[in-house]
Amino acid sequence: FSLLFPSRIADFQDVLKEPTIALEKLRELSFSGIPCEGGLRCLCWKILLNYLPLERASWTSILAKQRELYSQFLREMIIQPGIAKANMGVSREDVTFEDHPLNPNPDSRWNTYFKDNEVLLQIDKDVRRLCPDISFFQRATEYPCLLILDPQNEFETLRKRVEQTTLKSQTVARNRSGVTNMSSPHKTTPSSSRNEYVVLPNGCEAHWEVVERILFIYAKLNPGIAYVQGMNEIVGPLYYTFATDPNSEWKEHAEADTFFCFTNLMAEIRDNFIKSLDDSQCGITYKMEKVYSTLKEKDVELYLKLQEQNIKPQFFAFRWLTLLLSQEFLLPDVIRIWDSLFADDSRFDFLLLVSCAMLILIREQLLEGDFTVNMRLLQDYPITDVCQILQKAKELQDSK
């Protein structure tokens with residue numbers, strides 16, 4: 001996990017300029033950290049998350065096609081029913097018409113609209129507090145969605161939709177045990193209520209609003225899982241990385257590119273968010289137990305100590321694994337960890353080793369501490385040197 005020197009940047013550029021990308025070589029380089037210079041990280045993540053294929057020649061056409069598809073999702077899914085007819089001067093309608101709010105038909109657009117609002121309110125509550133240690137998500141994006149903001153279209157911003165609804169988000173929270181935001185010393189959550197945020201002028205959008213839209217469309221397209229609290233913590237680092245791409249041509253499309261990369265990533269980790277799968281071999285319980293079985297193999301003394309104190313992995317590893325450590329470290333460190341996770345060819349097995357390494361690196365404190373002290377250590381993880389953690393995880397991997 002060396003420092004990123006110009007020669008490393010050149011190594012990445014050499015791999016990325018080939019007509020067909022050598023995936024194993026890219027993974028090997030990325031595992032030790034991807035430079036952000038020249039948009040290298042943004043490009044590598046798109047390849048590692050299977051958004052861009054290995055053949056360079058097809059990139060332009062695939063990006064154009066996917067970005068147009070995302071625009072189509074916006075047109076179809078973020079609609080204010082009835083506004084088009086209102087614009088045509090239709091003042092009264094029979095209640096059996098599809099576009100009327102009182103239409104009893106369960107398939108009506110209005111009925112769908114009200115159901116969607118329940119999901120939207122939970123997303124809204126979560127995205128407004130995304131990465132509270134930085135101001136990025138509260139700032140205006142340089143590339144607001146003109147399709148949504150154009151008053152001539154029959155669309156509305158999700159922010160206005162939330163403001164207009166009378167539902168209380170507490171009644172619709174889809175929570176998962178352990179995914180709730182237990183703040184760490186490095187991540188301070190502001191006590192601000194929704195009304196205390198700076199309201200941007202018309203025509204502007206904050207970055208959190210873009211994330212909200214990505215999650216809302218994902219929920220609409222994936223009704224089986226919809227939105228579960230914690231997904232906001234997965235999409236946040238992806239969007240931040242793409243929205244700060246030094247390549248302005250790609251940065252402009254950060255929303256669409258994030259959506260597809262997030263969708264691909266969720267296809268790999270979504271089982272962690274589905275409660276009914278918890279105890280299956282693909283579920284989160286199995287993965288948490290794997291962290292402990294690996295610890296038993298690598299450091300039996302520490303394993304027995306945690307067992308003796310009845311410190312179960314679900315007390316801390318649930319959040320570590322489900323949210324890919326996005327709550328344990330500051331954003332730049334999370335992004336660095338994700339370089340290695342995305343480069344892992346066995347797809348997130350390395351995350352189990354990172355979790356095990358995190359335990360071993362604080363073994364002396366854990367061996368000395370009682371239950372309360374150790375729970376505090378594990379829920380507010382004390383080591384902030386992620387390179388040290390990744391190095392230890394790599395040692396565990398090599399010693400298998």
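Residues numbered from 1 in each chain as written. Predicted model: local features only at pLDDT ≥ 70, side-chain atom pairs only at ≥ 80, totals over all residues. Heavy atoms only, no water.

By the naming in an unreviewed UniProt entry, the protein goes by TBC1 domain family member 13 and is assigned to Loxodonta africana. Its UniProt record gives the protein the following Function (unreviewed entry) comment, quoted word for word: "Acts as a GTPase-activating protein for RAB35. Together with RAB35 may be involved in regulation of insulin-induced glucose transporter SLC2A4/GLUT4 translocation to the plasma membrane in adipocytes." Quoted verbatim from the Subunit (unreviewed entry) heading of the UniProt record, the comment on the protein is "Interacts with RAB1A and RAB10; in a GTP-dependent manner." (UniProt positions renumbered as here; feature names shortened; annotations may be inferred.)

Undergrad: What should I look at first to understand the pattern of salt bridges in this one?
TA: Two side chains with opposite charge may pair up if their charged atoms get near one another. Summed over the entire model, instances satisfying the criterion amount to 20 salt bridges. Residues Arg 41 and Asp 339 are paired through a salt bridge, measuring 2.8 Å at the closest nitrogen-oxygen approach. Of the two residues, Arg 41 is situated in helix α3 (residues 40–48) and Asp 339 in helix α16 (residues 331–343); the sequence distance between them amounts to 298 residues. Judged on exposure class, the residue Arg 41 and its partner Asp 339 are both buried. (Salt bridge = Lys/Arg side-chain N within 4 Å of Asp/Glu carboxyl O. Helix = DSSP H or I, 4+ residues; strand = E, 2+ residues; numbered from the N terminus. Buried < 20%, exposed > 50% of the residue type's maximum accessible area, 1.4 Å probe, protein only.)

Undergrad: Is there a simple way to explain the nonpolar core in this structure?
TA: The tendency in soluble globular proteins is for nonpolar side chains to be buried side by side. Among the nonpolar cores identified, the biggest contains 121 residues, and Met 231, Phe 262, Trp 338, Phe 342 and Leu 359 are the most heavily contacted of them. Sort the elements by how many residues they give to this core and helix α17 (residues 349–361) lands first, with 10 residues. Setting aside its immediate chain neighbours within four residues, Phe 342 contacts Trp 45, Leu 48, Leu 49, Leu 238, Leu 265, Arg 347 and Phe 348. (Core = buried A, V, L, I, M, F, W, Y, C linked by side-chain atoms within 4.5 Å. Contact = heavy atoms within 4.5 Å.)

Undergrad: Would you mind going over helix α19 (residues 371–379) with me for this structure?
TA: Burial in α19 covers these residues: Asn 374, Met 375, Leu 377 and Leu 378. Buried residues of α19, seen end-on, are gathered within an arc of 160 degrees and therefore sit on one face of the element. Tucked inside the fold, the buried residues of α19 contact α15 (317–322), α17 and α18 (363–368). Two or three places before Thr 372, at the start of α19, stands the capping residue Asp 370, its side-chain oxygen 3.3 Å from that residue's backbone nitrogen. (Arc of directions from axis to C-beta. Polar contact = N/O pair within 3.5 Å; in protein donor to acceptor, adjacent residues only side chain to side chain.)

Undergrad: Just checking my understanding: could you explain the state of the cysteines for this structure?
TA: Note: disulfide means a covalent bond formed between the sulfur atoms of two cysteine side chains. Counted according to the given criterion, the structure contains 0 disulfides. Cys 36 provides the cysteine sulfur closest to Cys 42, a residue in no disulfide bond, and the two sulfurs are 8.4 Å apart. (Disulfide = S-S within 2.5 Å.)

Undergrad: Help me understand the environment of Asn 247, please; the structure alone is not making it clear to me.
TA: If you trace the backbone, Asn 247 turns up in the loop between α10 (231–243) and α11 (248–251). As a C-alpha pair, Asn 247 and Leu 40 span 207 residues in sequence and 9.7 Å in three-dimensional space.

Undergrad: Help me understand unusual backbone geometry in this model?
TA: It is generally the case that most residues other than glycine have a negative phi and that most peptide bonds are trans. At Asn 310, a residue that is not glycine, the phi angle is positive and equals roughly 60 degrees. Within the element layout of this structure, Asn 310 appears in the loop between α14 (300–308) and α15. Assessed through its relative accessible area of 44%, Asn 310 is described here as partly exposed. Phi is positive for Arg 347, which is not a glycine, with a value near 55 degrees. Relative to the helices and strands, Arg 347 is located in the loop between α16 and α17.

Undergrad: What is the right way to look at the layout of surface pockets in this model?
TA: Sizing a probe to match a water molecule and rolling it over the atoms shows the empty space that remains. Its volume calculated, the largest pocket comes out at about 500 Å³. For the lining of the largest pocket, the elements supplying multiple residues, two or more each, are α4 (59–77), α7 (146–149), α9 (207–221), α10 and α12 (254–269). Here the lining of the largest pocket takes 4 residues from α4, the largest share from any one element. In terms of residue class, the lining of the largest pocket is built from 14 nonpolar, 5 polar and 6 charged. (1 Å grid on protein atoms, 1.4 Å probe; cavity = no way out; pocket = protein on both sides within 12 Å on 5 of 7 lines; lining within 4 Å. Points joined across faces, edges and corners; volume = space filled by probe spheres on them. Nonpolar A, V, L, I, M, F, W, Y, C, P; charged D, E, K, R; others polar.)

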